[in-house]
Amino acid sequence: MSLLATGTDYEALTAHFRPIFARIAEGTVARERERTLPHQPISWLKEAGFGTVRIPQEKGGWGASLPQLFQLLTELAEADSNLPQALRAHFAFVEDRLNQPDSAERDRWFGRFIDGELVGSGWTEIGTVKLGDVITRVTPGESGWTLSGEKFYSTGTLFADWIDVYARRNDNQGDVIALVNTHQPGVTREDDWDGFGQRLTGSGTTRFANAHVEQEHVYDFATRFRYQTAFYQHVLLATLAGIGRAVARDGAQAVAARNRVYSHGNGGAVRQDAQILQVIGEITSLAFAVEATVIRATHSLQSAYVAHVSNDEAQIAAANVLAEAEAGQAQVIASELVTRAATELFNALGASDTRVSKALDRHWRNARTLSSHNPVVYKARDIGDWKVNGTAPTGIWQIGRGEG
């Protein structure tokens, strides 16, 4: 029986991490302007044990519930939205280990994470790969496996000690997850992510040239935790909620400090202008609605996690369907409202606030980039099909070249 991470003292959790979040926030604008990868902030989080938030207390971690994890990621995203996404694959692999039976092998992973080691992502292939195909391959050998291939959108790999790689076995063509150590010549990581948002997440190209993989570090993909798609989406949702909080924060601070007024405004100071106050009130309300929606959805995810120890397949299936559906509904809301808030922000400010030195445009760019990861139109269709026809939302999905 697996030990369940069902919750911890959230005040103690935040008392430990909020000072680090504040230190991270102090350098966010400078990192954005100069495109400086957040190696130092990542190191602060590692040293503080951030990667162990979900590991049960009996195993040396914090034992946080999923609602607590995603609330904490929202607070981190308010400080710097790049960081929760950079740690997305790490928390997903921790979650996968939490869903496996207690074992010495699982304890070894927990020990690595307690020592500060992190996991990055290597799933998506681009170019001519056909839909459903996997070019990255693992080959068994006497002393382990060798891994060869190329991945893009390798989020977090530039900061990671391990990469969670989706690959196909050369011997039996089965799909697997291979955990490859980054500290070897066979792994090359490039900082070539050129998106207009979330630019500091370490999401570029990773190449594997006969990289060594330990025998016990190749896992059948079919054993992966069942609510993984919803979990991955929740990291993006928490990040969007954090951006919403940052927009409301920056808007209120900028209005309070602004001295220049318009001749046709509504007060002697911007902070007394009723229309400007209305804009800030609307932005704050949008951010509040998104965060409340995201928090609500995390509880069904926790239910899916708790259900995995049940022997009731109907209960497990129902919990996973609800978790996926609520994650999709939250995505529809967050994708629209956070980008709207990031645009409305400038209705409360002046032309001087569009200067690159202030980097306020990062909020819209980052929110729009996050909202593009999983096409929201398909999520909305899935939700409609679920409500009308009882069709379970799409769980595992792939992307690749079509036949047209």
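Worth saying up front: this structure is predicted, and the values here are computed from it rather than measured. (Residues numbered from 1 in each chain as written. Predicted model: local features only at pLDDT ≥ 70, side-chain atom pairs only at ≥ 80, totals over all residues. Heavy atoms only, no water.)

## Section: helix α7 (residues 104-114)
Then, in step 1: Taken residue by residue, α7 has Glu105, Arg106, Trp109, Phe110, Arg112 and Phe113 as its buried positions. Along the axis of α7, the buried residues cluster in a sector spanning 155°; they form a single face.
Then, in step 2: On its buried side, α7 packs onto α6 (88-98), β1 (119-122), β4 (162-169), β5 (175-181) and β8 (218-220). (Buried < 20%, exposed > 50% of the residue type's maximum accessible area, 1.4 Å probe, protein only. Helix = DSSP H or I, 4+ residues; strand = E, 2+ residues; numbered from the N terminus. Arc of directions from axis to C-beta. Contact = heavy atoms within 4.5 Å.)

## Focus: the nonpolar core
Then, in step 1: Core analysis: the biggest nonpolar cluster contains 61 residues, and Phe17, Leu45, Phe50, Phe70, Leu76 and Phe231 have the highest contact counts within it.
Then, in step 2: The biggest single contributor to this core is helix α4 (residues 66-79), with seven residues.
Then, in step 3: Judged by nonpolar contacts, the second largest core, of 30 residues, contains Val247, Val255, Val279 and Ala348. (Core = buried A, V, L, I, M, F, W, Y, C linked by side-chain atoms within 4.5 Å.)

## Structural notes on the pairing of strand β2 (residues 137-141)
Then, in step 1: Pairing of β2 with strand β3 (residues 144-151) involves five bridges; the strand directions are antiparallel. The residue of β3 that forms the bridge with Thr139 is Thr146.
Then, in step 2: The turn joining β2 and β3, which pair antiparallel and follow one another in sequence, is formed by two residues.
Then, in step 3: Here two bridges tie β2 to β4, and the two strands are oriented parallel to one another. Following the sheet pairing, Val138 is matched in β4 by Arg169. (Pairing = 2+ DSSP bridges.)

## Thoughts on the packing of aromatic side chains
We describe a pair of aromatic rings using the distance from one ring centre to the other and the angle between the two ring planes.
Then, in step 1: In the structure shown here, the tally under the stated rule is 21 aromatic pairs.
Then, in step 2: Aromatic pair Trp109 and Trp162: ring centres 4.9 Å apart, planes at 75°, arrangement edge-to-face. On the criterion of sequence distance, the pair formed by Trp109 in helix α7 and Trp162 in strand β4 is long-range, its members being 53 residues apart. Across the pair, exposure class does not vary: Trp109 and Trp162 are buried alike.
Then, in step 3: Considering the side-chain rings of Phe196 and Trp364, the 6.0 Å spacing of their centres and the 20° angle between planes classify their relative orientation as stacked. Residue Phe196 is found in the loop between β6 (187-189) and β7 (206-213), and its partner Trp364 is found in helix α11 (residues 362-371); the two are separated by 168 residues along the sequence.
Then, in step 4: In textbook terms, an aromatic cluster arises when at least three aromatic residues are bridged by ring pairs, as seen for Phe17, Phe21, Phe50, Trp62 and Phe91.
Then, in step 5: Just above the ring of Trp44 sits the side chain of Arg23; from NZ or CZ to the centre is 4.5 Å.
Then, in step 6: Positioned over the ring face of Trp109 is Arg112, at 4.4 Å from the centre of the ring. (Phe/Tyr/Trp six-rings, centres within 6.5 Å; stacked < 30°, edge-to-face > 60°. Lys NZ or Arg CZ within 6 Å of the ring centre and 35° of its normal.)

## Observations concerning the UniProt feature "domain: Acyl-CoA dehydrogenase/oxidase N-terminal" (unreviewed entry) in the chain
Then, in step 1: When the UniProt feature table is mapped to this numbering, "domain: Acyl-CoA dehydrogenase/oxidase N-terminal" (unreviewed entry) covers residues 28-117.
Then, in step 2: End C-alpha atoms of residues 28-117 are separated by 23 Å, and the span's content is 63% helix alongside 0% strand. (UniProt positions renumbered as here; feature names shortened; annotations may be inferred.)

## Focus: helix α12 (residues 376-389)
Then, in step 1: Here α12 spans 19 Å end to end across 14 residues, near enough to the 20 Å set by a 1.5 Å rise per residue.
Then, in step 2: Tucked inside the fold, the buried residues of α12 contact α8 (228-257) and α10 (313-344).
Then, in step 3: Positive phi shows up at Gly390, right after α12, with a value of about 75°. (Expected span 1.5 Å × (residues − 1).)

## Here we look at the pattern of salt bridges
Then, in step 1: Under the defined criterion, the tally for this structure stands at 31 salt bridges.
Then, in step 2: We note a salt bridge from Arg168 to Asp133, for which the minimum N-O separation is 3.4 Å. With a gap of 35 residues between them, Arg168 in strand β4 and Asp133 in the loop between β1 and β2 connect regions that are remote in the sequence.
Then, in step 3: With relative accessibility at 33%, the residue Asp133 sits in the partly exposed group.
Then, in step 4: In this structure, Asp353 and Lys358 form a salt bridge, with 2.7 Å as the shortest nitrogen-oxygen distance.
Then, in step 5: Overall, the relative accessible area of 6% leaves Asp353 in the buried class.
Then, in step 6: By relative accessible area, Lys358 is classed as partly exposed at 31%.
Then, in step 7: One connected set of salt bridges, linked through shared partners, spans Glu32, Arg199, Asp361 and Arg365. (Salt bridge = Lys/Arg side-chain N within 4 Å of Asp/Glu carboxyl O.)

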